[in-house]
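The chain contents come next:
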Amino acid sequence: MNSYETRTKSELIKIIRSLEKKQGKTAEQRKDKTARRERADEAFEVRVQERTAELETINQALRKEMAARQRAEEQFREMIESAPDAIVIVNGQGKILRVNGETMKMFGYQREEIVQQSVEVLLPDRYRGGHIGHRDAYVVHPQTRPMGVGPDLFGLRKDGSEFPVEIRLSPMKTDEGILVISVIRDITERRAVEDTLRLQKKLLEEKVREMDDFVHVVSHDLKEPLRGIDAYAGFILEDYADRLDDEGKRYLNALRTSALRMNHLIRDLLTLASISRKGSTRASVNLKEVVAEVKHDLDFAIQQKGAKIRVISKLPVVYCDPTQIREVFKNLLSNAIKFNERTPVVEIAAREEGEFHYFSIKDNGIGIESRYTEQIFGLFERLHNQEDFEGTGAGLAICKKMVEGNGGTIWVESQPGEGSTFFFTLPKGER
Ligand code: ADP
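All of these numbers come straight from a predicted model, not from anything done at the bench.

Overview of the overall build of the chain
Scanning the chain from terminus to terminus reveals ten helices and 13 strands. Taking 431 residues into account, the globule formula puts the C-alpha radius of gyration at 22 Å, and the chain, at 46 Å, lies well above it. The proportion of buried residues among the 431 residues of the chain is 30%. Contacts in the chain between residues at least 24 apart in sequence constitute 60% of all its contacts with a sequence separation of at least 6. Taken as a whole, the chain presents about 28400 Å² of accessible surface, with 54% of it coming from carbon and sulfur.

Observations concerning the side chain of Asn91
Assignment of secondary structure puts Asn91 in the loop between strand E1 (86-90) and strand E2 (96-99). In this structure Asn91 comes out as buried when scored by relative accessible area, which is 15%. At 2.9 Å, the side chain of Asn91 forms a polar contact with the backbone nitrogen of Gln93. Within the local environment of Asn91, its side chain forms a polar contact with the backbone nitrogen of Lys95, the two atoms lying 2.9 Å apart. Sequence-distant contacts of Asn91, defined by excluding residues within four places in its chain, comprise Leu97, Ile178 and Leu179.

Observations concerning the layout of surface pockets
In this model, the largest pocket occupies a volume close to 1500 Å³. Lining the largest pocket are 49 residues, with Asn331, Asn335, Lys338, Thr392 and Gly395 positioned closest to its centre. The set of elements that each furnish at least two residues to the lining of the largest pocket consists of helix H6 (246-278), helix H9 (322-338), helix H10 (395-405) and strand E13 (419-427). Counting residues per element, the lining of the largest pocket draws most heavily on H6, at eleven residues. Of the domains in this structure, domain 3 (204-278) and domain 4 (280-431) are the two that each give at least three residues to the lining of the largest pocket.

Details of unusual backbone geometry
Positive phi is not limited to glycine here, since Gln116 has a value of about 80°. A relative accessible area of 49% places Gln116 in the partly exposed class. Of note in this structure, Phe380 is not a glycine but carries a positive phi near 60°. As for its position among the elements, Phe380 is in the loop between strand E11 (356-362) and H10.

Examining a nonpolar patch on the surface
Taken together, the side chains of Met211, Phe214, Val218, Leu222 and Met262 define a hydrophobic patch exposed on the protein surface, amounting to about 450 Å² of accessible area. When residues of the nonpolar patch are assigned to their parent elements, the largest contribution, four residues, is made by helix H5 (residues 188-239). You can see Leu222 is positioned in helix H5.

Examining the site of the ligand
Around the ligand, the surrounding shell holds 21 residues, and the nearest of these are Asn335, Asp363, Arg382, Gly393 and Leu396. Between Arg382 and the ligand, the recorded distance is 2.7 Å, taken from a side-chain N or O atom to an oxygen atom. Here an oxygen atom of the ligand sits 2.9 Å away from a polar atom, N or O, in the main chain of Gly393. One can see that the ligand is located within the largest pocket. Contributions of two or more residues to the shell around the ligand are made by H9, H10 and E13. At three residues, H9 tops the list of elements feeding residues into the shell around the ligand.

Describing the pairing of E13
Counting buried positions along E13 yields eight of nine residues, so the element is predominantly enclosed. Strand direction decides the pairing type here: strand E12 (residues 410-415) and E13, joined by six bridges, are antiparallel. From the neighbouring strand, Glu413 faces E13, where its bridge partner is Thr421. Linking E12 to E13, which pair antiparallel, is a turn of three residues; within it Gly417 sits at a positive phi near 80°.

Some points on the environment of Ile361
Looking at the secondary structure, you find Ile361 in strand E11. Judged by its relative accessible area of 1%, Ile361 is buried. Placed 90 residues apart in sequence, Ile361 and Thr271 show a C-alpha to C-alpha distance of 22 Å. Each residue touching Ile361, except ones within four places of it in the same chain, is listed here: Phe329, Leu332, Leu333, Val346, Glu347, Ile348, Ser420, Thr421, Phe422 and Phe424.

Digging into the sheet that holds E13
Taking strand neighbours across the sheet as the criterion, the five strands line up as E8-E10-E11-E13-E12 in an open arrangement whose pairing is mixed. Two strands close off the open sheet at either side, each with one partner strand: strand E8 (308-311) and E12. Direction aside, the axes of adjacent strands within the sheet are offset by 15° on average.

Quick look at the domain arrangement of the chain
Partitioning the chain into structural domains gives domain 1 (1-76), domain 2 (83-186), domain 3 (204-278) and domain 4 (280-431). For domain 2 and domain 4, the distance between their C-alpha centres works out to 51 Å.

Some details on helix H7 (residues 287-297)
Every buried residue of H7 is listed here: Leu287, Val290, Val291 and Val294. Buried residues in H7, looked at end-on, bunch into an arc of 95°, giving them a common side. Of the exposed residues in H7, the ones pointing more than 90 degrees away from its buried face are Lys288 and His296. Next to the buried residues of H7 lie strand E7 (283-286), E8, strand E9 (317-320), H9, strand E10 (345-353) and E11.

Comments concerning the pattern of salt bridges
Enumeration according to the criterion identifies 29 salt bridges in this entry. We note a salt bridge from Glu73 to Arg77, for which the minimum N-O separation is 3.2 Å. Note that Glu73 and Arg77 are positioned in helix H1 (residues 3-82) at a spacing of four residues, about one turn of the helix. We classify Glu73 as partly exposed; its relative accessible area is 34%. Across the pair Arg371 and Glu369 runs a salt bridge whose closest N-O atoms are separated by 2.8 Å. Judged by its relative accessible area of 58%, Arg371 falls in the exposed class. Within the structure, one salt-bridge network assembled from shared partners comprises Glu166, Arg190, Arg191 and Glu194.

Reading the values: the criteria
- The written sequence of each chain sets the order in which its residues are numbered from 1.
- Reporting in this predicted model follows two pLDDT cut-offs: at least 70 for local features of residues, and 80 or more for side-chain atom pairs to be given and counted; totals over whole chains, interfaces and linings ignore these cut-offs and use all residues.
- Excluding hydrogens and water, the side-chain figures rest on all heavy atoms present in the structure.
- Only DSSP runs of H or I reaching four residues or more are called helices, and only runs of E reaching two or more are called strands; each is numbered from the N terminus.
- When we talk radius of gyration, it's over C-alpha atoms, and the globule rule is simply 2.2 Å times the number of residues to the 0.38.
- Three labels apply to residues, based on accessible area from a 1.4 Å probe with only protein chains included: buried if under 20% of the type maximum, exposed if over 50%, partly exposed otherwise in between.
- Working rule for contacts: check all heavy atoms of both residues, and any pair within 4.5 Å makes them a contact.
- Values of accessible area rely on a 1.4 Å probe in the Shrake-Rupley scheme; residue burial ignores everything except the protein chains shown.
- Any pair of nitrogen or oxygen atoms within 3.5 Å is treated as a polar contact; in protein, a donor-acceptor pairing is required on top of that, and neighbouring residues in sequence qualify only through side-chain atoms on both sides.
- The rule is simple: put a 1 Å grid over the protein atoms alone, call a set of points where a 1.4 Å probe fits but cannot get out a cavity, call an open set with protein on both sides within 12 Å along at least five of seven lines a pocket, and count a residue as lining if it has an atom within 4 Å of a point.
- Grid points are joined across faces, edges and corners, and a volume is the space filled by probe spheres set on the points.
- How far each domain reaches was decided by an automatic or database domain assignment.
- What makes a patch is a set of residues exposed beyond 30% relative accessible area and free of salt bridges, joined within 9 Å when like-charged and within 5 Å when nonpolar (Val, Leu, Ile, Met, Phe, Trp, Tyr).
- Criterion for a salt bridge: a side-chain nitrogen of Lys or Arg within 4 Å of a carboxyl oxygen of Asp or Glu.
- Being near a molecule or strand, for a residue, comes down to having at least one heavy atom within 4 Å of it.
- Think of it this way: if more than half of a molecule's atoms are within 2 Å of a pocket's grid points, that molecule is in the pocket or cavity.
- Here the rule is simple: two strands pair whenever DSSP picks up at least two bridges between them.
- Axes, fitted as lines to C-alpha atoms, cover a helix only where it is in contact. Angles between the N-to-C directions of the axes lie from 0 to 180 degrees.
- The arc refers to the directions leading from the helix axis to the C-beta atoms.

The following block contains the structure:
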């Protein structure tokens, strides 16, 4: 073998080896690729399974939601049907979409006669034009609210008769836009009761006024002879003093004391009668000033008993009858000082709540048994005799009539020996 042959042979061997190597590599690569593909397939399978599980969960949730919606829809329908009021659902254009059974009973229609009709069919003719404007405005600013106030809301039955109604409107957002739910209540019976009550109240007020007129006249007429009795008793005491023994003088003095007491009773009766005769004339009243004036009026009693009157919160300006509110504070403060066997400490407080001002006058006096806390507001109701605490028993009756005449209420909370707190309210009213 020459060298050429040897070289060619060795090159061939090299080539064959390199080919074999390459082949080996390719086989390895192929194996690798297959493994990779298998891994990718597995990952893909896992992803598919995960995705399928996810979709299943979403599907279940959707099914649940649909069932819940269906249930809610059924409940809504049942609720509407079982409502004691008529319920009419209209769209933004005022077309009736749904009504409940009560609507048909109330208005005398069959369901198919009014569904798809304009809601104005349920109103008397005279309100229709205005109503269209109101409902257009409502759709622009929808909110739950009563529809109008006052005595002028009426429904119209199929037979053309009318009846008074009360209506509440609530907006409901839906995919088809805003729907309006109207809840309609027939208030014929309530109106009749209200009318009767109003009439009875008027008659009662007339009777009270008549009584007060009578009391006023009688009291006035009694004043004159009483003045005479007192004056003549005084003359006898002065002019016949030397001819009277002690007992005679005592009797005459007792007569004058009784005349004075009767004079006070007549004065209180006149005050009481004048409350409803005159009515109340209201104005803005600064209660801080009122209390200062009352304290000044009661100066003698305050000094005599060493009483401490504290105003513990800011007193407001209130819209009420100035003379009457002054009388109320005066009566309550004078009682707080009078019915007290210690050094009187009286606290006046005010606060606001809702539509009212609340006032309290708290004392450290003798207190009141709970069974008497209503009775003492009656006319001439007293729990003590003149010797212990003087008075006519009309002060609280006057306070009650005045407070109630100004739209408020009055009451007391008390424990015997623990002091009393008188409360009264006044409406906030005009400023
Ligand atoms: P008067 O003060 O002329 O007796 P009122 O009508 O003001 O009449 O009060 C009625 C009764 O209520 C009083 O006689 C008294 O028994 C009781 N009373 C009123 N205010 C108080 C008070 N602050 N503390 C205890 N008792 C009171």
